[in-house]
Every structure is written in structure tokens, then in C-alpha cells.
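Listed here are the chains, written in short residue letters.
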Amino acid sequence: SNPIGIAEIYAVGALSALALLNWASRWRFRLFWSACFSASVVPMILSQSRAPLLALAFATTALLGLQRRWYAIGVLIGVSLTIVVAFKVFDVGYRDISDTSGLQTRIEIWKVALSDIRENMILGIGWLDPGSLSEPVEGKYRNIHNLYLSVLLQGGILGFILFLGLFGYSLYIGARS
């Protein structure tokens, strides 16, 4: 019942399949990893969840850029634009991109999150708590909808520094290999 969560899981599979596709030398393996990539991306598109799709597009572009595959980046941009145009032209029940009420709601959610973070600044509220806000925004939203603010709320400044260290080390290892 959570399309964003499902799309996030498929994004990991899609990016992993793309990385393995780039390292595959035999045509059978390239065909197999291409099929795995497609099988992961199609459900993501159908979920209509913007954040995981954008994250996958940026991660794929970065991976292809590190390998200097400019033609593949052009194809990725073309396919992405085609999908966006298809969602705008055909009525598939997708959210209206020009509607700013979602952005205004997010800003209200983040204001409540920042006040909760200020109350538990050093150690946060703990990692076992799901990271809910202390009060619902507009009577229904309790999730922060932002990974970095969620880490700040749960782990405080110390947890956030640890998170950034692990993230930075991962980027370093990835760029080095």
C-alpha cells in the first residue's frame, strides 16, 4: 500500500542491475542484466513515485558519467523526457506538477520537524522510534518526508555526523573503484 516504499526497493535493484550490466562482458550477461534493469524500472514508473525515480535517474547519470558513456546519458535523458511528456499528455491520473499545495505542505512538515529537532538536538529521539513528528501537520502528516531531517531527528547532531561520514566514505569508495 506504499508506492514510494515499493519504488525505493525497485530502485536499488535497478541501480544494481545497471552496475552489473556495465561490468558484464558476455552478451548473455548483458542481456540478463538489461532485463533485470527493465524489470525493476517498469514498476517504478507505474508507481508514479517521483522521488525514487529522480534518485534513480541522478544515480544512473552519475554512474554513466563516471564511465564516460555520454551516448547512454543522452538516451537516459530522452527516455526520461518521453515519460514525463507521456504523463502530461495522457491522462493517467498522475499528480499535477503545477500544483504547489504539496510543496507548501512539505514546508509546514519541515517546520514542525525542525522544532522537534531543536528539542532533541544532540542525541535525537533514538533510532528505534520511527521518526514521527510530535504533532500532525494539517491533522494527518506525521512523517518528515526528508531523509536528512529524519536522521537529524532520530540521531541528533552526533548521528547526523556519523551518517554524513558513512555517506562520504561510500562516495569515496565508489569514486575510487
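Residues numbered from 1 in each chain as written. Predicted model: local features only at pLDDT ≥ 70, side-chain atom pairs only at ≥ 80, totals over all residues. Heavy atoms only, no water.

## A few points about the overall build of the protein
- Counting its secondary structure elements, the protein contains six helices and zero strands.
- Moving toward the C terminus, one meets the helices and strands of the protein in the order α-α-α-α-α-α.
- Counting the 177 residues in the protein, one finds 26% classified as buried.
- Here the analysis covers contacts within the protein between residues at least 6 apart in sequence; of these, 61% occur between residues at least 24 apart. (Helix = DSSP H or I, 4+ residues; strand = E, 2+ residues; numbered from the N terminus. Buried < 20%, exposed > 50% of the residue type's maximum accessible area, 1.4 Å probe, protein only. Contact = heavy atoms within 4.5 Å.)

## Observations concerning the environment of S132
- Along the polypeptide, S132 turns up in the loop between α5 (101–119) and α6 (147–176).
- Of the residues examined, S132 reaches a relative accessible area of 30% and is grouped as partly exposed.
- In this structure, the C-alpha to C-alpha distance between S132 and I144, residues twelve residues apart in sequence, is 7.0 Å.
- Sequence-distant contacts of S132, that is, excluding residues within four places in its chain, are made with I125, R142 and L153.

## Remarks on the pattern of salt bridges
- A complete count under the given rule lists one salt bridge for this structure.
- One salt bridge in this structure joins K111 and E108, with 3.6 Å as the shortest N-O distance. Linking K111 with E108, this pair stays in helix α5, spanning three residues, or about one helical turn.
- With relative accessibility at 35%, the residue E108 sits in the partly exposed group. (Salt bridge = Lys/Arg side-chain N within 4 Å of Asp/Glu carboxyl O.)

## With respect to the nonpolar core
- Judged by nonpolar contacts, the single largest core of 13 residues is most densely connected at A14, L18, F37, V41, M44, L56 and L63.
- Taken together, the elements giving at least two residues each to this core come down to α1 (3–23), α2 (27–47) and α3 (50–66).
- Sorting elements by how many residues they give to this core places α1 first, with seven residues.
- In this structure, M44 is in contact with A7, Y10, A11, S49, P52, L53 and L56, ignoring residues within four places of it in sequence. (Core = buried A, V, L, I, M, F, W, Y, C linked by side-chain atoms within 4.5 Å.)

## As for the packing of aromatic side chains
- In the structure shown here, the tally under the stated rule is five aromatic pairs.
- These aromatic residues form a ring-pair network of at least three members: Y148, F160, F163 and F167. (Phe/Tyr/Trp six-rings, centres within 6.5 Å; stacked < 30°, edge-to-face > 60°.)

## With respect to the side chain of T105
- Examined against the element boundaries, T105 turns out to sit in helix α5.
- A residue is classified by how much of its surface remains accessible, and T105, at 10% relative accessible area, is buried.
- Setting aside anything within four residues of it in sequence, one finds T105 in contact with E138 and Y141.

## Regarding the environment of L15
- Residue position: L15 is located in helix α1.
- Excluding residues within four positions of it along the chain, L15 makes contact with L56, A59 and T60.

## Considerations on the side chain of D116
- For D116, the position within the fold is in helix α5.
- Not counting the four nearest positions on each side in its chain, D116 is found in contact with L133, S134 and L153.

## A word on the confidence of the model for the protein
- Averaged over all residues, the pLDDT of the protein equals 79, while 86% of them reach at least 70.
- The weakest mean pLDDT in the protein belongs to α3 at 77; the strongest belongs to α6 at 85. (pLDDT = per-residue confidence, 0-100.)

## Focus: the environment of G126
- By the secondary structure assignment, G126 is in the loop between α5 and α6.
- Expressed as a C-alpha distance, the spacing of G126 and G159, which sit 33 residues apart in the sequence, is 9.3 Å.

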